[in-house]
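# Examination of the molecular architecture
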Amino acid sequence: MAAMPFAGLAMPRTAFAQAPATSAVNTTGLAVTDTDVTVGILHSVTGTMAISETGSVQAEKLAIEQINAEGGVLGRKIKFIQEDGGSDWPTFAEKAKKLLVNDKCAAVMGCWTSASRKAVLPVFEQYNGMLYYPTFYEGLEQSKNVIYTGQEATQQILAGLDWVAKEKGAKTFYLLGSDYIWPRTSNKIARKHIENKLKTKVVGEEYFPLGHTQFNSVINKIKLTKPDVIYAIIVGGSNVAFYKQLKAAGIDLNKQTLMTISVTEDEIDGIGGENIAGAYACMKYFQSLDNANNKQFVSAFKKMWGDKTVIGDVTQAAYLGPWLWKLTVEKAGSFDIDKVAEASAGVEFKQAPEGYVKIHPNHHLWSKTRVGRARPDGQYDVIYETAELMEPDPFPKGYQ
């Protein structure tokens, strides 16, 4: 495989000349011509989730530009149609149907929340589309029509709790989350692990509507119960209010252990590094990762989107989507969804910014688990990573 190019690298037009016949690589009427192929981008760029999802859009566009600079997919240039889910789950389903039925997209890179993914999943299965979904999530799902490029529960929730229990000697946990499927299911899994495996205790559990901004009541409860760990799964714009109010209430995250699995560098951009410094995050990617792939990726991302942009875990996982799709299409020798689904297992991307990833037969990725500690400048110091890639297990025994 050729080395990953820098964004904007010009390629000669002849790079697209050696394309196999359209009739051979597109037998199901997808938006594929002799010269190009159309994919969809479906994320929230408005509403409370825009703070989290904008980076995914940027990463997918960067990957598409780089792939086109390298000669495209099966000799065809990628074009994209972008739709806005607007932080509204029925809108996601409606836009997914448009991209598959009207636009006949060969693949869609999209969604962030589990609620949006659950809303579009029946659409992708009914119309046989292929979704590349970038967010860490609760697991308990597997579909022929989805490639999950983020982590599932065993790679993030269980691994993070094991780390904090061992490193911090944590015995009591206070669980917080936004009120929808991912935080509730994730905390259900977390509670089972805390109580049954770690033999420790949950001393509080609360949920808040998306976009919620008043956290003083729960912060007072946290001060009264004094948990060893605040385990926070708040998403989107609500994070800005929560961490600012936590600091204003005198809770010092250098002394009070807080672990999040939902705050990436993208959210810290809105929260302000000074308001979350000291907190721990369990993810597979941080912008500060020190490897050659990541340095090249960060440089290309900032060149395309500006020096002040930051890159979080889901942004990186979104970047993997177009690349994994390209590699799978070329392995299959076809854009046909069934052939792409069948060819996915074993596809590896050696230029992944996180280091290296491979698609498992269950359509999740083998990847490392890491823990970062938030710095005042909005970046994370990586303080732990698994020695080996973790095998994805979306249906862990005893957690369903």
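Scroll up to find the structure.
Residues numbered from 1 in each chain as written. Predicted model: local features only at pLDDT ≥ 70, side-chain atom pairs only at ≥ 80, totals over all residues. Heavy atoms only, no water.

## Some words on the pattern of salt bridges
The full count for this structure, using the stated rule, is 21 salt bridges. A salt bridge links E206 to K221, with the shortest nitrogen-to-oxygen separation between them at 2.8 Å. Here E206 is found in strand β7 (residues 201-208), whereas its partner K221 is found in helix α7 (residues 216-225), with 15 residues between them in sequence. In this structure, the salt-bridge partner of E385 is K368, at a minimum N-O distance of 3.4 Å. With E385 in strand β15 (residues 380-385) and K368 in the loop between β13 (365-366) and β14 (370-374), this pair connects stretches of sequence that are 17 residues apart. (Salt bridge = Lys/Arg side-chain N within 4 Å of Asp/Glu carboxyl O. Helix = DSSP H or I, 4+ residues; strand = E, 2+ residues; numbered from the N terminus.)

## With respect to the sheet that holds β15
Taken in spatial order, the seven strands of this open sheet run β7-β6-β8-β9-β10-β14-β15, and their pairing is mixed. For this open sheet the edge positions go to β7 and β15, each flanked by a neighbour on one side alone. Geometrically, the sheet is characterised by an average inter-axis angle of 25° between neighbouring strands, direction not taken into account. Of the strand pairs in this sheet, strand β6 (residues 172-178) and β7 are connected by seven bridges, and their pairing is parallel. When the sheet's bridge partners are listed, G177 is paired in β7 with Y207. Across the sheet, helix α6 (residues 181-197) is in contact with β6, β7 and β8 (229-233); its angle to β7 comes to roughly 180°. Sitting on the sheet, helix α8 (residues 238-248) is in contact with β6, β8 and β9 (257-260), with an inclination near 175° to β9. (Pairing = 2+ DSSP bridges. Axes fitted to C-alpha atoms, helices over the stretch in contact; angles between N-to-C directions. Contact = heavy atoms within 4.5 Å.)

## A short note on the packing of aromatic side chains
Tallied over the full model, the rule gives 17 aromatic pairs. Counting every residue linked through ring pairs, the aromatic cluster contains F208, F215, F242 and Y243. We note R117 situated over the ring of Y133; from NZ or CZ to the ring centre the distance is 4.9 Å. The ring of Y207 carries R184 above its face, with NZ or CZ at 4.1 Å from the centroid. (Phe/Tyr/Trp six-rings, centres within 6.5 Å; stacked < 30°, edge-to-face > 60°. Lys NZ or Arg CZ within 6 Å of the ring centre and 35° of its normal.)

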